[in-house]
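# Summary of structural features
Spelled out, the chains give:
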Amino acid sequence: MIDLLHIAPEKIDVIYHGTNMQKPTRKDSVTLPKRFILYVGTRYSYKNFARFVKAFSLLSSKDKELYAICTGSSFTMDEKKLFESLNISQKLMHIQAADTLLYTLYNQAEAFVFPSLYEGFGIPIIEAYACLCPAIISNTSCFPEIAADAAAYFNPYSEIEMADTIASVIYNHALRAELIHKGSEQLKLYSWEKAASQTKEVYLKALKENKSKKERKEEIW
């Protein structure tokens, strides 16, 4: 906003999102692979899904028991052709998941992988934290600001680095446990209650400034 729209910094208030993701009272009946990594959300070009698939193919070539589960819309024909070209069609699963099932997917995944080239916030990161799932994410955009040291990072333009980073987490039980712990701590920074309170303060500040401007105009007249 400062660089592109030339808005003064003092006019900008940053309010972070929260998440309502929590352990459900009932479990969805679903059969899942024993070991899988998780991709959540849409797959527009900036989501970098193709590179994620290629990184997964590198992992799959060495680990025949590892799967990738993807939520969001069903796979397109082009995506299926990509899977076929990499010989991983049987290792990628699509699941349409509401919040109760999504919690289970996060919670049982070896890790959540977020390969986006940019995001406005990245709510799935804190969803993963809430579900005790380690986050492996791009080292670009807002991600380092949101996740701090509670995630493993990779260059989103490198399939090899993405695959290596995923492997460094899912095959290292100590690091995986450390990221889960750090994620739980980082989650404490974000809540919808905090977002609501800060939003209220922004409106009150705007009303106060508007009132001051009106009073100054009246004095001039």
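Quick caveat, the model's predicted, so the values are computed rather than measured.

Its place among the elements puts Ala 55 in helix H2 (residues 49–60). In this structure the C-alpha to C-alpha distance between Ala 55 and Met 162, which are 107 residues apart in sequence, comes to 6.1 Å. Once residues within four sequence positions are removed from consideration, Ala 55 is found in contact with Glu 159, Met 162 and Ala 163.

Another aspect to go through is H2. If you check H2, its first and last C-alpha atoms are 16 Å apart, about what 12 residues at 1.5 Å a residue would give, namely 16 Å. Check the buried side of H2 and you find it contacts strand S1 (35–39), strand S2 (66–70), helix H3 (77–85), strand S3 (92–94), strand S4 (111–114) and helix H7 (159–170).

With that settled, the discussion passes to the pairing of S4. Taking every second residue as pointing to the same face, both faces of S4 are buried, with Ala 111 and Val 113 on one and Phe 112 and Phe 114 on the other. As defined by bridge partners, S1 adjoins S4 across 2 bridges and the pair is classed as parallel. Pairing of Leu 38 across the sheet is with Phe 112, part of S4. Pairing between S4 and strand S5 (residues 135–138): 3 bridges, direction parallel. Across the sheet, the residue bridging to Val 113 is Ile 136, located in S5. Viewed along the sheet, the connection from S4 through helix H5 (residues 123–130) into S5 turns out right-handed.

Reading the values: the criteria
Residues numbered from 1 in each chain as written. Predicted model: local features only at pLDDT ≥ 70, side-chain atom pairs only at ≥ 80, totals over all residues. Heavy atoms only, no water. Helix = DSSP H or I, 4+ residues; strand = E, 2+ residues; numbered from the N terminus. Contact = heavy atoms within 4.5 Å. Expected span 1.5 Å × (residues − 1). Buried < 20%, exposed > 50% of the residue type's maximum accessible area, 1.4 Å probe, protein only. Pairing = 2+ DSSP bridges. Right-handed = clockwise from strand over helix to strand, strands pointing away.

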